[in-house]
Amino acid sequence: MHAINYEAPTTLDQAIDILKTHGENARPFCGGTDILIQLRAGVRRTGHLVDIKKIKELHALSFDAKKGLRLGAAVPCIEIHESDVMRRHYPGLTEAAHLIGSLQIQNRASVGGNLCNGSPAADTTPALIAVGARARIVGPTGEREVPVESFVVSPGRTVLRPGELLVELLIPAPAPHTSDAYLRFIPRNEMDIAVVGVGASVTLDGDKVKAARIGLGAVAPTPLLESKAAAGLVGKKLDDAALEAAGLAVSEICKPIDDMRGTIDFRVHIAAVLTRRVLTIAAERAKKA
Amino acid sequence: MKKTLVEATINGETVEFLCEPRQSLLETLRDVLELTGSKEGCLTGDCGACTVLVDGRSVCSCLMLGVEAQGKNIATVEGLATQGVLSVLQNKFLENASLQCGICTPGFLISATSLLDRNPNPSEAEVRYALAGNLCRCTGYDKIVKAVLDAAADIRSQGDRTAAAR
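These remarks concern the structure in this document. (Residues numbered from 1 in each chain as written. Chains lettered and ligands numbered in written order. Predicted model: local features only at pLDDT ≥ 70, side-chain atom pairs only at ≥ 80, totals over all residues.)

Quick look at the overall build of chain B
Phase 1 of the analysis: Summing up its helical and strand segments, chain B has five helices and five strands in all.
Phase 2 of the analysis: Helices and strands appear in chain B in the N-to-C order β-β-α-β-β-β-α-α-α-α.
Phase 3 of the analysis: The C-alpha radius of gyration computed for chain B amounts to 16 Å, which stays within 12% of the reference 15 Å derived for 166 residues, consistent with globular compactness.
Phase 4 of the analysis: Counting only residues that meet the buried cut, chain B has 48% of its 166 residues in that class. (Helix = DSSP H or I, 4+ residues; strand = E, 2+ residues; numbered from the N terminus. Rg over C-alpha atoms; globule rule 2.2 N^0.38 Å. Buried ≥ 20, exposed ≤ 12 C-beta atoms within 10 Å, placed from the backbone.)

Below, the structure is given as structure tokens:
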């Protein structure tokens, strides 16, 4: 790897100052599980790694029944899986975080880093989209919030401007009878990159769907929020016909690539299958929520 | 490139060392501190041969910087034996012939130690899940899994739940 500087600020202000000073020649550094590989491979270059793990604010993991969840950008995936609050209120996001790589990776990698890496196949991003997460970004000129579905702009690129830092993810508290789920297809049991990933959140009113959100991964250049299928479910029972229609609507917006992990036709087919399954799981959980 | 002074606890001892910011923890362990037990396999976090514990959590030391070790408590395979006496887990690896070329073994020992410290009664599925980040191209895994299950049974019968194995 080429020479780099390393700084580990302890406050958000210091971090923004450092990021601002070095502009495009600096990158925030958290778990390192993507960036170090990319720097070694020469896929990315940077002069300064700014380690954000010593900033207290970035380790928030707090839930309030009214305000919802604050998930600091540096919280490692393993802490999500170990959190009772996460498993109870956001089981789908929790399972997505627990699918990433090995335990060694989950002990280091964060959901915030997974988002900032900007991969179309990131496991936690469709799950974040499904639960309506917003990214709180702080930079030299102030702060802004961006819905997670708008955060990644192309493979490996995000809305973050030089000097800006993802501080936390803000997720609404689930409405009554709401729950979520995430499924991905991989040809192995563990340790693989999603061929397709689908996250869904379902709110029930009796036996009918009151609201639904669907997030898709690895079927387009960026993770997607699907709205047609989700809107089509509102007011309906989640029966076979409704699930079939939702799967069909999802397959219509998929624009995947053909690669060694899956053909276009296969990915489109699997996206519909996973959509039906993930909606069913989320609805089952919502009945008990 | 200017070197940084890092102070960490490694296998129970306070250690100071100098490293460049670009150097991985694995590089600093092997090349600076001459702790060559942790192995370099893939350098991409896939194989787990470089697994060490950092503040009790298993990590791939190839995907962590040496400078990040500042103030941390690090455990490597060199620290598993006590005054030359192998841990229960290490002995079970020998008894079950759970190693051939041995490159993956330090990583498996650390991952399994981490599992047994948290869960002294794992199922076979739990053992396999906990070891999913460690690859072995020689043994076919069955003997490794058996060694971990045997070690768990031994440790339970000895009533020693903390030391994965001493």
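Next, the rest of the story.
A few points about the nonpolar core
Residues and elements named next belong to chain A.
Phase 1 of the analysis: Ranked by internal contacts, the top residues of the largest apolar core, which has 139 residues, are I52, A200 and A271.
Phase 2 of the analysis: Ranked by the residues each element gives to this core, the list is headed by helix 11 (residues 264-288), at nine residues.
Phase 3 of the analysis: Sequence-distant contacts of A271, defined by excluding residues within four places in its chain, comprise V196, V198, L216, V219, V250, S251 and C254. (Core = buried A, V, L, I, M, F, W, Y, C linked by C-beta atoms within 7 Å. Contact = placed C-beta atoms within 7 Å.)

A word on the pairing of strand 13 (residues 208-217) of chain A
Residue and element names in this part refer to chain A.
Phase 1 of the analysis: Buried residues dominate strand 13, accounting for seven of its 10 residues.
Phase 2 of the analysis: Strand direction decides the pairing type here: strand 12 (residues 196-205) and strand 13, joined by nine bridges, are antiparallel. Note on strand 13: the bridge partner recorded for V198 is L216.
Phase 3 of the analysis: Here strand 12 hands over to strand 13 after two residues, with G206 in that stretch at a positive phi of 65°.
Phase 4 of the analysis: In this structure, strand 13 lies alongside strand 14 (residues 224-226), joined through three bridges in antiparallel fashion. Across the sheet, residue L216 finds its bridge partner in strand 14, namely L224. (Pairing = 2+ DSSP bridges.)

Quick notes on the sheet that holds strand 2 (residues 13-19) of chain B
All names here are of chain B.
Phase 1 of the analysis: Reading across from one edge, 2-1-5-3-4 is the order of the five strands in this open sheet, with mixed pairing throughout. Each of the sheet's edge strands pairs with one partner strand only, and the pair in question is strand 2 and strand 4 (57-60). Mean inter-strand twist for the sheet, computed between neighbouring axes without regard to direction, equals 40°.
Phase 2 of the analysis: For strand 1 (residues 4-10) and strand 2, the ladder comprises seven bridges, and the chain directions are antiparallel. Bridging from a neighbouring strand, L5 pairs with L18 of strand 2. (Axes fitted to C-alpha atoms, helices over the stretch in contact; angles between N-to-C directions.)

Shape descriptors only; they carry no functional weight alone.
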